[in-house]
Amino acid sequence: MSAVLSTPNTAAGKPQRSEGVWAASWRRMRADKVGMVCMTIVGLFLLLVIASGAGLVAKDWQKEVGVANAPPTFMGPAPAEAMGTIATPKGPNVDLSDIDPLAPRYQEWEERAKQFKTEEVVKAETLPLGGDRLGRDVLAKVIKGAEVSIMVGVLAAVVATIIGTVLGAISGFFGGKVGDFLEWLYNVFTAIPGILLIFAFAVIFGRGVLSVVMILGLAGWPGIYRLIRAEFMKHSVREYVRSAEAIGASKTSRMFKHILPNVSHVALVQLSLHVVAFIKSEVILSYLGLGVGVDQVSWGTMLSESQSELILGYWWQLAAVTGFMAIFVTAFALFTDALRDALDPKLRGLE
């Protein structure tokens, strides 16, 4: 929203318009180099998730393209002893006709089997980031796992943020009996330990991506509600809201058009924190077998698989999923901090 200044623009001969809120926020965002780098990294991850969901990458993550526990390419192929190769015994074949009544038929069956052509798939001895115990490509798995984990974390955080923001706005702006009821509901949810609440919802909703989103969204809104409620209570009595009321602005307009933009930085920070927390929660649920289905892969299921592989010295699946998680979570948190600073009302001179 822009305002017209009284001082004319001497160069153009027209009134000079002040810089808009979003234009000023974008200008401050561009000045933050760390924030821009992190925004680029987050954007690349989101593009990777979209490409994976569209089937452009990692669509064949379930195929056994390599040998079991194939090492990363930079390590080279594993020695034959490590692959468990069994040497073929030498010497003449033993005549089993005296002890096996079916021995005379073996040669006939062998000749008949040669009539059917079989295609032997050549499996790679190394893969870019290694392979798992079934020979599946770890790089394809970690990309597909990123799709599931990031989608669950972002969607669950959006659900929790929407619920917490709407309920907090209603409670903080109206108060009274409505506020008392929402406060009672908030106390009920916060009285139950968070992990127990998540497990209880997991038993009710079952496994699956949408189930995990609903579980985490319903369990994560109270913290956002408390902060948004406090912000709405503080802003609802300020002069700019009273001025909007004086010119006839409706309650909905005052709540979501005037107050909400000025507390959006609080919601964004909570959104970032909940994305990180929900990705961790999804990892824990999938690790315990309460998250995504058995036919899907996520960072949690990969960590569960890598536990047994690490004991045998196959560390590459653990390293891949840990590296992807660390990069995305760190970049997302720093990007949202930069976005909060760009949208902070104090930096716009409103407070």
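Remember, it's a predicted structure, so these values are computed and weren't measured experimentally. (Residues numbered from 1 in each chain as written. Predicted model: local features only at pLDDT ≥ 70, side-chain atom pairs only at ≥ 80, totals over all residues. Heavy atoms only, no water.)

(A) Molecular detail of the overall build of the protein chain. When helices and strands are tallied, the protein chain shows eleven helices and two strands. Seen in sequence order, the protein chain has helices and strands lined up from the N terminus as β-β-α-α-α-α-α-α-α-α-α-α-α. Out of the 351 residues in the protein chain, the part that is buried amounts to 39%. A separation of at least 24 residues holds for 72% of the contacts in the protein chain among residues at least 6 apart in sequence. Per element, the accessible surface of the protein chain, about 20,500 Å² overall, is 64% carbon and sulfur. (Helix = DSSP H or I, 4+ residues; strand = E, 2+ residues; numbered from the N terminus. Buried < 20%, exposed > 50% of the residue type's maximum accessible area, 1.4 Å probe, protein only. Contact = heavy atoms within 4.5 Å. Areas by Shrake-Rupley, 256 points an atom, 1.4 Å probe, with all protein chains shown as cover.)

(B) Highlighting the nonpolar core. The biggest cluster of nonpolar side chains holds 67 residues, and the ones touching the most others in it are Leu-216, Phe-232, Trp-299 and Phe-328. Every element with two or more residues in this core is listed here: helix 2 (33-53), helix 4 (138-174), helix 5 (176-191), helix 6 (194-205), helix 7 (209-235), helix 9 (251-287), helix 10 (299-311) and helix 11 (316-343). Counting residues per element, this core draws most heavily on helix 4, which supplies 14 residues. Discounting residues that sit within four places of it in the chain, Phe-328 has contacts with Val-42, Phe-45, Ile-150, Val-275, Ile-279 and Trp-299. (Core = buried A, V, L, I, M, F, W, Y, C linked by side-chain atoms within 4.5 Å.)

(C) Examining the packing of helix 5 against helix 7 more closely. At a closest axis distance of 10 Å, the pairing of helix 5 and helix 7 adopts a crossing angle of 135°. By the criterion of interaxial angle, the relationship of helix 5 to helix 7 is oblique. Read as a crossing pair, helix 5 and helix 7 show a hand that is left-handed. Together, Gly-179, Leu-182, Glu-183, Leu-185, Tyr-186, Phe-189 and Thr-190 of helix 5 and Leu-218, Trp-221, Pro-222, Tyr-225, Arg-226 and Arg-229 of helix 7 make up the contact between the two elements. Of the residues contributing to the contact of helix 5 with helix 7, the split by class is eight nonpolar, two polar and three charged. (Axes fitted to C-alpha atoms, helices over the stretch in contact; angles between N-to-C directions. Parallel < 35°, antiparallel > 145°, perpendicular 65-115°, else oblique. Left-handed = near helix turned anticlockwise from the far one by under 90°. Nonpolar A, V, L, I, M, F, W, Y, C, P; charged D, E, K, R; others polar.)

(D) A look at helix 5. With 16 residues, helix 5 extends 22 Å between its outermost C-alpha atoms, agreeing within 8% with the 22 Å of an ideal straight helix rising 1.5 Å per residue. Buried within helix 5 we find Gly-179, Leu-182, Tyr-186 and Phe-189. End-on view of helix 5: buried residues confined to an arc of 85°, all on one side of the axis. Away from its buried face by more than 90 degrees, helix 5 exposes Lys-177, Asp-180, Trp-184 and Ala-191. Looking at the packing, one finds that the buried side of helix 5 touches helix 4, helix 6 and helix 7. (Expected span 1.5 Å × (residues − 1). Arc of directions from axis to C-beta.)

(E) Highlighting the environment of Gly-66. The topology assignment puts Gly-66 in the loop between helix 2 and helix 3 (103-113). Linking Gly-66 and Glu-125, residues 59 residues apart in sequence, is a C-alpha distance of 5.9 Å.

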